[in-house]
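Next come the chains, spelled out residue by residue.
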Amino acid sequence: MATQSGIYHETYGSDMQLRPTTMQRVRLALVAALLVVIPFVVDSSTQRLVNTVVIASIGAIGLNVLVGFTGQISLGQGAFLAIGAYACGLLQVYFAVPWPIALLAAAFISALLGGLIGLPSLRLKGLYLAVATLAAQQIVEWVIINWDPIDGEINGRATDALRIPGNALFGNADLRLNNNDTLFYVVAAAILVVVAMATTNLFRTHIGRAFVAIRDQDIAAEVMGVNLYRYKVLAFMVSSFIVGIAGGLLALQSTAISFERFTLSVSIEYLAMIIIGGLGTVSGSIYGAAFIVVLPELLRSVGRALAGTDPASLSEFNRVLPFVQEGVFGVVIVVTLIIEPEGIQRIWRTIKDYFRLWPFSY
Amino acid sequence: MDPNEVLKFLRLTYTGLSDGALLALIALGLVLVFKSTDVINFAHGEFMLLGGFVGYQLLTITAGWGIDPTLGTIISVAALVVAMVIVGTLVERLVLRPLIGEQIISVIMVTIGLSSIIDAIVGLAWGTIPQPLPYSIVPEALAGRWQIEMEGARRPLNLPQEAMLTILVVVILVVLLMLFFKRSKYGIAMRATADDQQAAMSMGISIRVVFGLTWSMTAVLAGLAGLLIGELTNAVGGDIPVVGLRAFPVIILGGLDSIAGAIVGGFSIAMLETYASGYVHPSLKNVVPYVALLIILMIKPYGLFGQKRIERV
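All values reported here derive from a predicted model rather than from experimental measurement.

Moving on, we get to helix α8 (residues 207-232) of chain B. Every α-helical turn comprises 3.6 residues, leaving residues that sit three or four positions apart pointing alike. Residues and elements named next belong to chain B. Counted at 1.5 Å a residue, the expected span for α8 with its 26 residues is 38 Å, and the 37 Å between its end C-alpha atoms agrees. Most of α8 is tucked away, with 22 of its 26 residues classed as buried. Positive phi shows up at N234, right after α8, with a value of about 70°.

Let us look at the interface of chain A and chain B. Contacts between chain A and chain B engage 41 residues on the former and 46 residues on the latter. Note on chain A versus chain B: buried area summed over both sides is about 3900 Å², and carbon and sulfur give 81% of it. Three residues, L127(A), Y128(A) and F323(A), lead the burial of chain A against chain B; their summed loss comes to 19% of the area buried on that side. Applying the counting criterion to the chain A and chain B interface returns zero salt bridges. Here chain A is connected to chain B by two residue pairs in polar contact (both at pLDDT 80 or more). Where the side of chain A that touches chain B is concerned, the elements lending two or more residues are α6 (126-146), α9 (218-223), α11 (264-277) and α13 (311-339) of chain A. For the side of chain A that touches chain B, the per-class residue count stands at 31 nonpolar, six polar and four charged.

The next point concerns the side chain of S74(A). Residues and elements named next belong to chain A. Examined against the element boundaries, S74 turns out to sit in the loop between α3 (44-69) and α4 (77-95). At a separation of 3.0 Å, a polar atom in the side chain of S74 contacts the main-chain amide nitrogen of G76. Setting aside residues no more than four positions away along its own chain, S74 makes contact with L63, L66, V67, F80, T133 and L271.

A few words now on the nonpolar core. Residues I58(A), L249(A) and I40(B) are the most contacted members of the largest nonpolar core, which totals 192 residues. In terms of residue count, α8(B) provides more of this core than any other element does, 14 residues in total. If near-sequence neighbours (up to four positions away) are discounted, L249(A) is found in contact with I55(A), I58(A), L103(A), F184(A), A188(A) and I191(A).

Moving on to a positive patch on the surface. On the surface, a cluster of positive charge is made up of R19(A), R27(A), R349(A) and K352(A). Assessed through its relative accessible area of 34%, R27(A) is described here as partly exposed.

Rules used in this analysis
Residues numbered from 1 in each chain as written. Chains lettered and ligands numbered in written order. Predicted model: local features only at pLDDT ≥ 70, side-chain atom pairs only at ≥ 80, totals over all residues. Heavy atoms only, no water. Helix = DSSP H or I, 4+ residues; strand = E, 2+ residues; numbered from the N terminus. Expected span 1.5 Å × (residues − 1). Buried < 20%, exposed > 50% of the residue type's maximum accessible area, 1.4 Å probe, protein only. Contact = heavy atoms within 4.5 Å. Buried area = accessible area lost by both parts, 1.4 Å probe. Salt bridge = Lys/Arg side-chain N within 4 Å of Asp/Glu carboxyl O. Polar contact = N/O pair within 3.5 Å; in protein donor to acceptor, adjacent residues only side chain to side chain. Nonpolar A, V, L, I, M, F, W, Y, C, P; charged D, E, K, R; others polar. Core = buried A, V, L, I, M, F, W, Y, C linked by side-chain atoms within 4.5 Å. Patch = residues over 30% accessible without salt bridge, like charges linked within 9 Å, V, L, I, M, F, W, Y side chains within 5 Å. Areas by Shrake-Rupley, 256 points an atom, 1.4 Å probe, with all protein chains shown as cover. Lys, Arg positive; Asp, Glu negative; His and termini not counted. Charge placed at Lys NZ, Arg CZ, Asp CG, Glu CD.

Have a look at this one:
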């Protein structure tokens, strides 16, 4: 089998292509086919899990724009998600806005507030910035808990949760997202495709190149004429725009949202997704999101199978499960960082290269 | 002046001081690690959790022997110190050492992963129900409440004396640490490493030993803090890491690499929390430190006492 020693471009057109080889196009077609086929073959609980993966992928891509591509560490992902979710929910509750408009508006509101949270990034970097975003996380959480207008009531009892009506589109009750998993999947997957393509292309423009330059060496970037402040705040805005969409989708998927879904541990989960998937890659964000979302479910089903039907071992299973899930989550992070700091994306490439160059790899 | 107001002020100040001592103790552990290894330890709260539960276990064992509480406390604390030294050394050797020289985000994430692991271990070993300590570790002299009768108030000021224990422990530890850094060979080696790793290495200091020592020391500080929280709140339980989280505004306020900053920051943040929750609104306790942190970072990006870094390309 002939192996290519490189990719040769003979026209500018081919040089500009995002996927230059036939194999890459075939794989793209396969992925597209998979996306289309999913709702026809899976049952409803798996469909819900897939939907969660899709939302998490969008959120992880957003976080990766900020952390992986621009190098600004953020522990405030939960806050950004919360802003998107509550903006989307409140627009539906108070102004009866149809959900597509609410979702878009939520993304823009989230981008504005994200830019605001990004303001300290002019003077802060590294660990100090990470702790500043931790402050944003805590402040947003506090506002959600203590600000009364955004609390709703459930069965006439006041709660911290905001009930989402799930406004119907065109007055058609079937076109509500929070009771129709397949419709939700179609909408969310379409958004994921758009976001993934837009982000991949963003890093072929001068804006994206500036982000990467800031990550690699901010002082050198500034010397070369990148306006650090503008691009850092822009990175926060682009990131929180995408994360805001994910947050809005979370609100659209549910019948109620509350602060528990946007805590610091959510921020940490998203960081884990992009670390495990691969920093600074769009596909890595998706792999990582899928991995982190599916892992606890996988552990649950394996554990349930092991526990059998004996009530004693079932209660033991229920006691142990949350700790095992948490422990495995931690072990996966630590082992990934020690063995392959570049994540699943890199492992995938290594495997591909092994076969591409076989038998004469070097 | 309204005597009730005076009483309230005194009570708040006392709470703030003892709370501040606790925060200072936690922040001290964080600063120690950052100063010599450039790592922010997001697992510090979980070290405290682990220390609290190990301490609880040791106290339970010594209580089973039926010995005097004072002797039992001494034995337990000594054994706790040994246990935490082992934990710190293991963590440094297995988790942190492979990541020397990696980018900041990796190091942050590895400590976060570590915190999940410790959480899971503690949960599996001791469950989720808070466990009361078998006997109080407070010395006899500190047990009880101070009664201060205010003129005209007719209300005694009930101050829990055992809260003094934290202040006492922190003072002793700070003095010990200062002596260690000023006088002992290893203390000086640690300061040299913190100042310039390469220069320290070329002077014959083993960076590995220094790193191992740093992590053991921070683990011991965390373990003691965890046991203290167990004593102050009457039980060790899963909410100890939340207290650990409160130390982050403290170390930013004081500067990540300043020991004096950790102490000053600890007391100021605790005072701020207590007065804000006492005079304005109780719910402010959780958010005021972070607002203060953002304001301070806007004015002084390296905290009040932090060392400004000069960077080169």
